[in-house]
Amino acid sequence: MFQRLLDLIFPPRCVVCGRAGEAVCAACRAKMLPPALPRCEHCGLTLAVAAPLCPACADGVGPMRLASLRAATEYAGPAREAILALKYRKQRAVAAPLAHLLAQAFAREGISADLIAPVPLHSSRRRERGFDQAELLARDLARELRVPLRADLLRRIRATRNQRSLSAAERGANVAGAFALAGNHAAEALRGKRVLLVDDVATTGATLNAAATALQTGDPASIIGLVVARPRLDRKWHSQR
């Protein structure tokens, strides 16, 4: 009710273009298109040339703990601006339209899930930011899909460096062992279930892979990663592998 009152007094503006009316306007949402083809069959990464797998997945060093990884859109343009507004400008209202993008990708990719688990921030980062953006996205997605949200299954037990300036190998080492199940109840909840692991952005997929490694100790039937956005293969980070 308080948020609705604020919206009446101070109508929201699009975090991308500034147009009044919505946190992300229809025109900017229309530019958030599905990742272009060709794509890696395993991790969904848009490739520079057609191939069944990207080089990382072909070498077995991609996010192999996941049954698959898919993204709703490319990390560029309006999608990038909206994600940055959510994470660093505390524009929480952006979570709902981005979660709708996730729901569209869920349907488009033919994904099935028994529960949704967000990739958690470390407690120190969550205190600093004031919220966990992946949990906000997962909560809105769970509501739209009517799939149970389980944000209580996974813990980030070790603070890690920011991944942005790291190579692919450094990213994997940075997050290795950073996650653990939250307790016996987590293992019981995961056993035999199809898990949808949600985050905002995946570059190499190292963070999702580390989170999936922890989830696998609960013996789920499958773990599929779903993120709002991924960069293209020909970005600078890939050349650092």
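Visitor: Can you walk me through the overall build of the chain in this structure?
Guide: What the chain contains, in helices and strands, is ten helices and six strands. Based on the C-alpha atoms only, the size of the chain along its principal axes is roughly 50 × 45 × 35 Å. Within the chain, buried positions represent 50% of all 241 residues. Considering only residue pairs separated by 6 or more positions, the chain has 72% of its internal contacts joining residues 24 or more positions apart. For the chain, the accessible surface area stands at approximately 11700 Å², while carbon and sulfur atoms represent 52% of it.

Visitor: I tried to follow the environment of K193 on my own but got confused; where do I start?
Guide: Along the chain, K193 turns up in the loop between α9 (184-190) and β5 (194-201). For K193, a relative accessible area of 33% translates into the label partly exposed. Other than its neighbours up to four places away in sequence, K193 contacts D114, L115, P220, A221 and S222.

Visitor: Help me understand helix α4 (residues 77-88), please; the structure alone is not making it clear to me.
Guide: Since one α-helical turn is 3.6 residues long, residues separated by three or four positions face the same way. Between the first and last C-alpha of α4 there are 16 Å, a value that for twelve residues agrees with the 16 Å anticipated at 1.5 Å per step. Taken together, the buried positions of α4 are P78, A79, A82, I83, L84, A85, L86 and K87.

Visitor: Just checking my understanding: could you explain the nonpolar core for this structure?
Guide: In globular proteins that are soluble, nonpolar side chains generally tend to be buried together. Judged by nonpolar contacts, the single largest core of 38 residues is most densely connected at L98, L141 and L196. Sorting the residues of this core by element identifies α4, α5 (95-108), α7 (133-145), β5 and β6 (222-230) as the ones contributing at least two each. The greatest single-element share of this core, amounting to eight residues, is contributed by α5. What L98 contacts, discounting residues up to four positions off in sequence, is M32, A82, I83, L86, L137 and V228. Grouped together as the second largest cluster of nonpolar side chains are 35 residues, A186, A187, A211 and A212 included.

Visitor: Just to check I follow, could you spell out the packing of α5 against α7 for this structure?
Guide: The description of two packed helices rests on the angle between their axes and on the distance between the axes. Viewed as axis vectors pointing N to C, α5 and α7 meet at an angle of 55 degrees, and their least axial separation amounts to 8 Å. Relative to α7, α5 is oriented oblique. Crossing geometry of α5 relative to α7 is assigned as right-handed. Where α5 abuts α7, its residues A95, A96, L98, A99, H100, L102, A103 and F106 lie against L136, L137, D140, L141, E144 and L145. Here the contact of α5 with α7 is composed, by residue class, of eleven nonpolar, one polar and two charged.

Visitor: When you look at the state of the cysteines in this model, what are you seeing that I'm missing?
Guide: What makes a disulfide is a covalent bond joining the sulfur atoms belonging to two cysteines. In this structure the tally under the stated criterion is zero disulfides. The thiol of C14 is unpaired, and the distance to the nearest cysteine sulfur, on C17, comes to 3.7 Å. We classify C14 as buried; its relative accessible area is 4%. C43 takes part in no disulfide bond, and the closest cysteine sulfur to it belongs to C40, at a distance of 3.7 Å.

Visitor: Would you take a moment to explain the pairing of β5 for this structure?
Guide: If a strand is regular, its side chains alternate between the two faces of the sheet. For β5, the buried fraction is high: seven of the eight residues fall into the buried class. Where strand β2 (residues 115-118) lies against β5, four bridges are found, and the strand directions are parallel. Paired with I116 across the strands is L196, a residue of β5. Both β5 and β6 contribute to a ladder of seven bridges, which runs parallel. If you follow D199 over to β6, its bridge partner there is V227. With helix α10 (residues 206-216) bridging β5 and its parallel neighbour β6, the resulting β-α-β unit is right-handed.

How each quantity is defined
Residues numbered from 1 in each chain as written. Predicted model: local features only at pLDDT ≥ 70, side-chain atom pairs only at ≥ 80, totals over all residues. Heavy atoms only, no water. Helix = DSSP H or I, 4+ residues; strand = E, 2+ residues; numbered from the N terminus. Buried < 20%, exposed > 50% of the residue type's maximum accessible area, 1.4 Å probe, protein only. Contact = heavy atoms within 4.5 Å. Areas by Shrake-Rupley, 256 points an atom, 1.4 Å probe, with all protein chains shown as cover. Expected span 1.5 Å × (residues − 1). Core = buried A, V, L, I, M, F, W, Y, C linked by side-chain atoms within 4.5 Å. Axes fitted to C-alpha atoms, helices over the stretch in contact; angles between N-to-C directions. Parallel < 35°, antiparallel > 145°, perpendicular 65-115°, else oblique. Left-handed = near helix turned anticlockwise from the far one by under 90°. Nonpolar A, V, L, I, M, F, W, Y, C, P; charged D, E, K, R; others polar. Disulfide = S-S within 2.5 Å. Pairing = 2+ DSSP bridges. Right-handed = clockwise from strand over helix to strand, strands pointing away.

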